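Single-letter residue listing:
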Amino acid sequence: MVLTKKKLIYYGIILVITISLQRRWKTAEIPDHLLGHTARFHPEFISVELQKRLLKLIKETKVFPWDSDKSDIFFSRTYTDIGEDIPIGSDGTCSNPYLIPNQDKSKCILEPWFAYTRHFLLYGGLDGLKENFTFHFIIQVPGQTAPVHIDNPYFEDATMFQYPPWLLEVMAGSGLYQDTFIDQVQGVGYLHEWNKPKYGGQFAYFDKNTIVPTYEKPTPRSVMLIDGSKTIHASTIYKPKFRPPIMAKDAKNELVFSPTKEGDETWELRSNDKILRKYHTDDLRINAIYRARCFESEEKRKEFNKWYKTPGNGRPIEEILNELKEELVNKRDYDRKTLDSMPRFDLALVLVDEFVKYPWPTRSLFPYNYCALPDLYPWTEKYLKWICF
Ligand SMILES: [Fe+2]
């Protein structure tokens, strides 16, 4: 890389901002109710036989969509948005980087996982990546990471079947709904066969109020047991020297097992059916996630299962927004009139910024992903192209 005078000036500006941000950046603000929960790592938990069977099942499943797609493919949510929707562009895309087409492609709504994709866009995950926006599969291709996040929370009267997942994350972060919060157990099991620490892709979780998480290596057949809906977690970059292709958020993005003959282990990364890159099974970081919800009795379990799958259920979304607004007024000095008159997109930003307190990047000198600025503010592109593109 050639260091021109312009680049030196930009790097100088970044250094000054870095130094001034150090104090705030190194302090985590994780709320108490999301700290200190049990997390256990079990090496050699999955037998070789089971690993082989699960890998076979994954190959038979064949197509793995970018995980934002799936939430709206399988069911109809009672409330898909809080009123932040805008008309879809004539080319079927959404110009705002946080909005995506809804299920029937009639309008643009906030991306369902917006609470953590916003954090990833602004700060670039644990490693503080400086890049344009990329999306992630449960199966990771080289160069990918898992953003800092909590898994989809479930409440006795609110789940992803009624409300957008980002709003559930806000509800969990607010601490207002602890009485109805449903504990979960998640097992993250690794099915790939490689075992090389230098590949990275470590599981990281924040059980203490610090920006330095606890790390576990993704060794084959190990399992991490955790309630990911109340412990913030992420992964470090898998094979950090590689750069994954950039995929448009409005496109149909898939990883597809595409063997041409018996024994062929080829996978294709496709965007709108165009092949962007090919991989071998051994190139991938593959995990299977097991999720279970915990109930105090069989009766409660049955009651909940019947309730949450009934379409159209759920308290009016305005009721929940009112409770969250009240909390902003009472505890964070917001003005109620201002909140009520705010465009709904702006209200969503306030809710996420106030209630979803993920730690800033642990492994980076500079906390902000300045290379994503052109996505948010196109006028910055002419300045940032010197260091980002
Ligand atoms: Fe997770």
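A short tour of the structure in this document, coming up.

Basis of the calculations
- Residues numbered from 1 in each chain as written.
- Predicted model: local features only at pLDDT ≥ 70, side-chain atom pairs only at ≥ 80, totals over all residues.
- Helix = DSSP H or I, 4+ residues; strand = E, 2+ residues; numbered from the N terminus.
- Rg over C-alpha atoms; globule rule 2.2 N^0.38 Å.
- Buried ≥ 20, exposed ≤ 12 C-beta atoms within 10 Å, placed from the backbone.
- Contact = placed C-beta atoms within 7 Å.
- Core = buried A, V, L, I, M, F, W, Y, C linked by C-beta atoms within 7 Å.
- Expected span 1.5 Å × (residues − 1).
- Arc of directions from axis to C-beta.
- Pairing = 2+ DSSP bridges.
- Axes fitted to C-alpha atoms, helices over the stretch in contact; angles between N-to-C directions.
- Parallel < 35°, antiparallel > 145°, perpendicular 65-115°, else oblique.
- Nonpolar A, V, L, I, M, F, W, Y, C, P; charged D, E, K, R; others polar.

### Side note on the overall build of the chain
Alright, step 1. Counting secondary structure elements, the chain contains 11 helices and 15 strands.
Alright, step 2. Taken over the C-alpha trace, the chain has a radius of gyration of 21 Å; the compact-globule value for 389 residues is 21 Å, and the two agree within 12%.
Alright, step 3. Once the C-alpha set of the chain is aligned to its principal axes, its extents read approximately 65 × 60 × 45 Å.
Alright, step 4. Across the 389 residues of the chain, 34% fall into the buried class.
Alright, step 5. Contacts in the chain between residues far apart in sequence, at least 24 positions, make up 74% of those at least 6 positions apart.

### Digging into the nonpolar core
Alright, step 1. Of all hydrophobic cores here, the largest spans 57 residues; its most connected members are Ala115, Trp166, Val170 and Val352.
Alright, step 2. Residues in contact with Ala115, not counting those within four places in the same chain, are Trp166, Glu169, Val170, Val352 and Val356.
Alright, step 3. In terms of nonpolar packing, the next biggest core, distinct from the first, is built from 10 residues, Phe64, Ile139, Leu255 and Leu284 among them.

### With respect to helix α7 (residues 317-332)
Alright, step 1. The end-to-end C-alpha separation of α7 is 22 Å, in line with the 22 Å expected for 16 residues at 1.5 Å each.
Alright, step 2. Among all positions in α7, only Ile320, Leu321, Leu324, Lys325 and Leu328 are buried. Angularly, the buried residues of α7 cover 135 degrees about the axis, an arc narrow enough to put them on a single face. Exposed positions of α7 whose direction lies more than 90 degrees from the buried face are Glu319 and Asn330.
Alright, step 3. Contact partners of the buried residues in α7: α5 (165-174), α8 (336-341) and α9 (344-355).
Alright, step 4. Of the residues flanking the end of α7, it is Asp333, one or two places downstream, whose phi is positive at about 60 degrees.

### Comments concerning unusual backbone geometry
Alright, step 1. For Arg221, which is not a glycine, the phi torsion comes out positive at approximately 70 degrees.
Alright, step 2. The exposure class assigned to Arg221 is buried, which follows from the 20 C-beta atoms found within 10 Å.
Alright, step 3. One non-glycine residue, Asp273, lies in the positive phi region at around 70 degrees.
Alright, step 4. In this fold, Asp273 is placed in the loop between β13 (266-271) and β14 (274-280).
Alright, step 5. Among the residues examined, Asp273 registers 10 C-beta atoms within 10 Å and is labelled exposed.

### Focus: the sheet that holds strand β8 (residues 203-206)
Alright, step 1. What the four strands build is an open sheet, ordered β6-β11-β8-β9; its pairing is antiparallel. Bordering the open sheet on either side are β6 (146-149) and β9 (214-216), each of which pairs with just one other strand. Between one strand and the next, the sheet's axes are offset by a mean angle of 20 degrees, whatever the strand orientation.
Alright, step 2. Sheet topology note: the β8/β9 ladder contains three bridges and is antiparallel. For Tyr205, the partnering residue across the bridge sits in β9 and is Thr214.

### Regarding the packing of helix α4 (residues 114-123) against α5
Alright, step 1. Taken N-terminus to C-terminus, the directions of α4 and α5 make an angle of 85 degrees; their axes are 7 Å apart at the nearest point. Regarding the angle of α4 to α5, the classification is roughly perpendicular. Seen from α4, the contacting residues are Phe114, Ala115 and Tyr116; seen from α5, they are Trp166, Glu169 and Val170.
Alright, step 2. For the contact of α4 with α5, a count of residues per class yields five nonpolar, no polar and one charged.

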